[in-house]
Amino acid sequence: MLPDQCSVIESKKQCVNPPEFVISVIAGDDEYMVGLTCQRHRQLVSGKIGVLQKEGKMYDGKINFSPLKAVGTDCIRGDADDLVKIDMN
């Protein structure tokens, strides 16, 4: 499960936009997920990660934005026939 909001906090307020990208840093053969962002905050997050990398506070590597895709399913549903009665005696 992923959070339903962008990871950015501006002016002490959490962004209410849904996430559109998984942010990761690719360092050598490894990839580290660092957060989620919406399109509006993509540049802001990229700049902040760049600053953290220069300060040595984050893995030095390529910043990667992978688009999220919504997935839905209709295979899980509940019918009255699915209910199981439990005798509490």
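### Section: helix H1 (residues 42–54)
So, step 1. Here H1 is 13 residues long and its end C-alpha atoms lie 19 Å apart, about the 18 Å a rise of 1.5 Å per residue gives.
So, step 2. Of all the positions in H1, only Val 45, Ile 49, Gly 50, Leu 52 and Gln 53 are classed as buried. Down the axis of H1, the smallest arc covering the buried residues is 165°, so these residues share one side. Those residues of H1 that are exposed and angled more than 90 degrees off the buried face are Gln 43, Lys 48 and Lys 54.
So, step 3. Once H1 finishes, Gly 56 follows within two positions and takes phi at roughly 75°, a positive value.

### Observations concerning the sheet that holds strand E4 (residues 30–37)
So, step 1. Pairing in this open sheet of three strands is antiparallel, and the strands run E4-E3-E5 from one edge to the other. In the strand order of this sheet, the two ends are held by E4 and strand E5 (62–67), each with one partner. Ignoring which end each strand starts from, the neighbouring axes of this sheet average 30° apart.
So, step 2. Here six bridges tie strand E3 (residues 21–27) to E5, and the two strands are oriented antiparallel to one another. Looking at E5, one finds that Phe 21 is bridged to Pro 67.
So, step 3. Docked against the sheet, H1 engages E3, E4 and E5, running at close to 150° with respect to E5.

### Some details on the side chain of Ser 24
So, step 1. As for its placement among the helices and strands, Ser 24 is situated in strand E3.
So, step 2. Only 2.6 Å separates the side chain of Ser 24 from the side chain of Glu 31, close enough to count as a polar contact.
So, step 3. Ignoring sequence-local partners within four residues, the contact set of Ser 24 consists of Glu 31, Tyr 32, Met 33, Val 34, Lys 62, Ile 63 and Asn 64.

### Details of the environment of Val 45
So, step 1. Looking at the secondary structure, you find Val 45 in helix H1.
So, step 2. With a relative accessible area of 11%, Val 45 lands in the buried category.
So, step 3. The residues contacting Val 45, other than those within four sequence positions of it, are Val 8, Ile 23 and Thr 37.

Cut-offs applied
Residues numbered from 1 in each chain as written. Predicted model: local features only at pLDDT ≥ 70, side-chain atom pairs only at ≥ 80, totals over all residues. Heavy atoms only, no water. Helix = DSSP H or I, 4+ residues; strand = E, 2+ residues; numbered from the N terminus. Expected span 1.5 Å × (residues − 1). Buried < 20%, exposed > 50% of the residue type's maximum accessible area, 1.4 Å probe, protein only. Arc of directions from axis to C-beta. Pairing = 2+ DSSP bridges. Axes fitted to C-alpha atoms, helices over the stretch in contact; angles between N-to-C directions. Contact = heavy atoms within 4.5 Å. Polar contact = N/O pair within 3.5 Å; in protein donor to acceptor, adjacent residues only side chain to side chain.

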